[in-house]
Amino acid sequence: MAKYLPESDRAACVATVRRNLEWTYDEQHDFDDREKRALGRCSGTAAAASVDAPGDDGLLLANFDGMVQRQIGATSAIERDAAMQRNVLWYLRRLPPEAKVVVWTANVHAAKRSGGLQWKPMGAWLAESSGDSVGSVAFTALGGQSAR
């Protein structure tokens, strides 16, 4: 991320991002509005600067920026499920054309239709981009327990 930031902002942004990733906030550095603005500015700047970068930096930084934008409640946050679809397609491009892939995710993300959801699930994004080659299987239980 640092290499896509202006030299003048690099050290401060690296510290801001590190605090967030390691969740090491303290009395001097609280996760307040000021910190959120700084974090969003750093992730957005790096993501925008990496769009045309060779390799996978652009996708990785777009994913990070999307996570940050959702975390800080920004209205410009990319939908999580759209980012998930983008990541699945990234993996598929690296596989042989006839490869079969299983994506294990929560039922709500695998749904091929929005139904009553307020957003478009990853399954719907994938069905739109890949047609009938996408299937979805859901598991549920009427009762029982779950534990770590």
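The structure we're discussing is the one just above.
Calculation notes
Residues numbered from 1 in each chain as written. Predicted model: local features only at pLDDT ≥ 70, side-chain atom pairs only at ≥ 80, totals over all residues. Heavy atoms only, no water. Helix = DSSP H or I, 4+ residues; strand = E, 2+ residues; numbered from the N terminus. Buried < 20%, exposed > 50% of the residue type's maximum accessible area, 1.4 Å probe, protein only. Contact = heavy atoms within 4.5 Å. Lys, Arg positive; Asp, Glu negative; His and termini not counted. Salt bridge = Lys/Arg side-chain N within 4 Å of Asp/Glu carboxyl O. Polar contact = N/O pair within 3.5 Å; in protein donor to acceptor, adjacent residues only side chain to side chain. Axes fitted to C-alpha atoms, helices over the stretch in contact; angles between N-to-C directions. Parallel < 35°, antiparallel > 145°, perpendicular 65-115°, else oblique. Left-handed = near helix turned anticlockwise from the far one by under 90°. Nonpolar A, V, L, I, M, F, W, Y, C, P; charged D, E, K, R; others polar.

### Concerning the environment of V14
Line of reasoning, step 1. Topologically, V14 is positioned in helix α1 (residues 7-22).
Line of reasoning, step 2. V14 sits 126 residues away from T140 along the chain, and the two C-alpha atoms are 42 Å apart.

### Quick word on unusual backbone geometry
Line of reasoning, step 1. Unusually for a residue other than glycine, W23 sits at a positive phi of about 45°.
Line of reasoning, step 2. Along the chain, W23 falls in the loop between α1 and α2 (33-49).

### Here we look at the environment of W23
Line of reasoning, step 1. With a relative accessible area of 49%, W23 lands in the partly exposed category.
Line of reasoning, step 2. Considering only alpha carbons, one finds W23 and R10, 13 residues apart in sequence, at a separation of 19 Å.
Line of reasoning, step 3. Residues contacting W23, with those up to four places away along its chain left out, are R18, F31 and Q71.

### Side note on the side chain of D65
Line of reasoning, step 1. Within the secondary structure, D65 sits in helix α3 (residues 57-71).
Line of reasoning, step 2. The buried charged residue D65 lacks any salt bridge, with R86 as its nearest oppositely charged partner at 8.5 Å.
Line of reasoning, step 3. At 2.6 Å, the side chain of D65 and the side chain of S43 are in polar contact.
Line of reasoning, step 4. Aside from chain neighbours lying at most four places away, what touches D65 is G40, S43, G44 and A47.

### Topic: the packing of helix α4 (residues 80-93) against helix α6 (residues 122-130)
Line of reasoning, step 1. Interhelical geometry of α4 versus α6 gives an angle of 45° and a closest axis separation of 8 Å. Between α4 and α6, the crossing angle belongs to the class labelled oblique. In this structure, α4 meets α6 at a crossing whose hand is right-handed. Counting all contacts with α4, which are made through D81, A82, M84, Q85, V88 and L89, the residues of α6 involved are M122, W125, L126, S129 and S130.
Line of reasoning, step 2. Residue classes in the contact of α4 with α6 are distributed as seven nonpolar, three polar and one charged.

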